[in-house]
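Coordinate inspection notes
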Amino acid sequence: MMLGQYQVKVPPPFTPGSEFAGTILEVAEDVENLKPGMRVAGSVTTGAFSEEVIGNSAMLWQIPESMTFEEAASFIVAYGTAFMGLKRRANIQAGETVLVTAAAGATGLAAVDLASHVFESSTVIGACGSEEKCELIKQRGAHHAINYTNEEVKSSVMDISPHGADVIFDAVGGKIFKECLRSIAWEGRLLVVGFASGEIPKIPANHLLVKNASAVGLYWGAYAMQDRHTFDWSIQECMRHYKAGKINPYYSATFSLDRINDAFQFIKDRKSTGKVVITMR
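Residues numbered from 1 in each chain as written. Predicted model: local features only at pLDDT ≥ 70, side-chain atom pairs only at ≥ 80, totals over all residues. Heavy atoms only, no water.

**A closer look at a nonpolar patch on the surface**
Where nonpolar side chains cluster on the molecular surface, the patch consists of Met 1, Tyr 6 and Tyr 219 and spans about 260 Å² of accessible area. With respect to the helices, strands and loops of the structure, Tyr 6 is situated in the segment before strand S1 (19-23). Given the relative accessible area of 35%, Tyr 6 is considered partly exposed. (Patch = residues over 30% accessible without salt bridge, like charges linked within 9 Å, V, L, I, M, F, W, Y side chains within 5 Å. Areas by Shrake-Rupley, 256 points an atom, 1.4 Å probe, with all protein chains shown as cover. Salt bridge = Lys/Arg side-chain N within 4 Å of Asp/Glu carboxyl O. Helix = DSSP H or I, 4+ residues; strand = E, 2+ residues; numbered from the N terminus. Buried < 20%, exposed > 50% of the residue type's maximum accessible area, 1.4 Å probe, protein only.)

**Examining the sheet that holds strand S3 (residues 60-62)**
Where strands meet in a sheet, backbone hydrogen bonds hold them as pairs that are either parallel or antiparallel. Across the sheet, three strands lie side by side as S1-S2-S3; this open sheet has antiparallel pairing. The strands lining the two open edges of the sheet, one partner per strand, are S1 and S3. Averaged over all neighbouring strand pairs, the angle between strand axes comes to 25°, with direction disregarded. Both strand S2 (residues 39-43) and S3 contribute to a ladder of three bridges, which runs antiparallel. Bridge assignment links Ala 41 to a residue of S3, and that residue is Trp 61. (Pairing = 2+ DSSP bridges. Axes fitted to C-alpha atoms, helices over the stretch in contact; angles between N-to-C directions.)

**Observations concerning the sheet that holds strand S6 (residues 144-147)**
Read from one edge to the other, the open sheet built from six strands follows the order S6-S5-S4-S7-S8-S9, with strand pairing classed as parallel. The open sheet is flanked by S6 and strand S9 (214-217), the only strands paired with a single partner. Neighbouring strand axes in the sheet, compared pairwise and without regard to direction, differ in orientation by 20° on average. For strand S7 (residues 165-170) and strand S8 (residues 184-192), the ladder comprises five bridges, and the chain directions are parallel. Its bridge partner lying in S8, Phe 169 is registered against Leu 191. Strands strand S5 (123-128) and S6 of the sheet are contacted by helix H4 (residues 131-139), whose axis makes an angle of about 160° with S6. (Contact = heavy atoms within 4.5 Å.)

**Concerning the environment of Val 216**
Structurally, the position occupied by Val 216 is in strand S9. Measuring from C-alpha to C-alpha, the distance between Val 216 and Leu 191 comes to 4.9 Å, with 25 residues separating the pair along the chain. Ignoring anything within four residues of it in the chain, the contact list for Val 216 reads Arg 89, Leu 190, Leu 191 and Val 192.

**Details of the nonpolar core**
Formed by 48 residues in total, the largest nonpolar core has its most connected members in Phe 75, Ile 76, Tyr 79, Leu 86, Leu 114 and Phe 169. At the level of secondary structure, the elements contributing two or more residues to this core comprise helix H2 (76-89), strand S4 (97-101), helix H3 (106-117), S5, H4, S7 and helix H9 (228-243). In contact with Ile 76, other than residues within four places in its own chain, are Glu 19, Ala 41, Trp 61, Thr 81, Trp 220, Ile 235 and Met 239. Counting 18 residues, the second-largest nonpolar core is a separate cluster that includes Ile 125, Val 153, Ile 176 and Leu 181. (Core = buried A, V, L, I, M, F, W, Y, C linked by side-chain atoms within 4.5 Å.)

**Quick word on the pattern of salt bridges**
Scanning all chains against the criterion turns up eight salt bridges. Residue Arg 189 pairs with Glu 96 through a salt bridge whose shortest N-O separation is 2.8 Å. Pair noted here: Arg 189 is in strand S8 and Glu 96 is in the loop between H2 and S4, with a separation of 93 residues, a long-range link. Each member of the pair Arg 189 and Glu 96 is classed as buried. With a shortest N-O distance of 2.9 Å, Asp 232 and Arg 228 are connected by a salt bridge. Separated by four residues within a single helix, Asp 232 and Arg 228 lie in helix H9, roughly one turn from each other.

**Some thoughts on H4**
All of the buried residues along H4 are Lys 133, Cys 134, Leu 136 and Ile 137. The arc enclosing the buried residues of H4, seen along the axis, measures out at 160°, which places them on a common side. Summarising the geometry of H4, the exposed residues directed more than 90 degrees from the buried face are Glu 132 and Gln 139. Against the buried residues of H4 lie H3, S5 and S6. The positive-phi residue at the C-terminal boundary of H4 is Gly 141, with phi of around 130°. (Arc of directions from axis to C-beta.)

**Quick look at the side chain of Arg 140**
Along the polypeptide, Arg 140 turns up in the loop between H4 and S6. Of the side chains with opposite charge, Asp 113 comes closest to the buried, unpaired Arg 140, at an N-O distance of 4.9 Å. Leaving out residues up to four positions away in the same chain, Arg 140 has contacts with Leu 109, Val 112, Asp 113, His 117, Asn 248, Pro 249 and Tyr 250. (Lys, Arg positive; Asp, Glu negative; His and termini not counted.)

Put into structure tokens, the structure is as follows:
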């Protein structure tokens with residue numbers, strides 16, 4: 001967003017940051033479901049990297065006492081996106097094989113967590129860019145890990161699951177997307193989640209035809225405007241599974257607000273996994 005390359009364009013100057021968690025200080029007179037003192041997680045378009053945030057009550061969710069603010073700030077978008085993609089868009093079924101790319105990122109780790117511990121996938125394969133990240137995703141629920149800096153995705157997937165992957169959760173695009181498509185199972189579903197590679201792939205439709213497969217778009221945030229009931233459902237379900245102890249949000253580092261540029265550099269240097277959290281006080 002700060003580079004002007006996100007799908008939502010915000011004219012500068014602005015304060016960045018979209019996810020936050022904390023305690024409510026005050027509410028408007030017409031707000032009935034939230035009260036001062038409540039512990040909440042929330043989302044705004046911009047402005048979360050500050051000590052106090054003004055947000056829409058419709059985009060705030062009360063969090064359980066067992067959830068830390070760091071976990072809460074790492075939870076809503078990553079898990080909401082992964083849940084909506086796997087459950088609604090891909091119609092995941094127990095026992096299916098799932099392939100997740102960018103699996104050590106926030107949304108990728110959420111997808112691995114949900115596929116392994118909620119949707120009961122028989123085989124969860126994570127693909128990422130280093131051996132350290134491969135070890136992490138296996139610790140977080142992946143049954144197998146592919147390092148796509150030195151392993152070919154299709155051959156690795158077929159070695160693990162000879163019929164291919166039933167559900168593919170791809171946030172990379174580019175060459176990796178093409179390898180994922182070649183790895184898809186009969187009647188498989190390939191979720192288009194993002195383009196971390198910077199390359200938006202062109203889909204060879206004949207691959208979809210011969211496998212009776214589907215390529216399915218996923219833009220979770222749009223549900224907040226187009227289908228609010230389904231948007232809220234995705235968050236409520238994730239909260240329910242968290243309270244049941246089935247899922248566990250992950251963040252790799254915290255930085256104080258006065259070190260926010262160090263946090264950005266940490267991410268640019270590809271040192272981060274999961275979320276990086278900015279602490280205020």
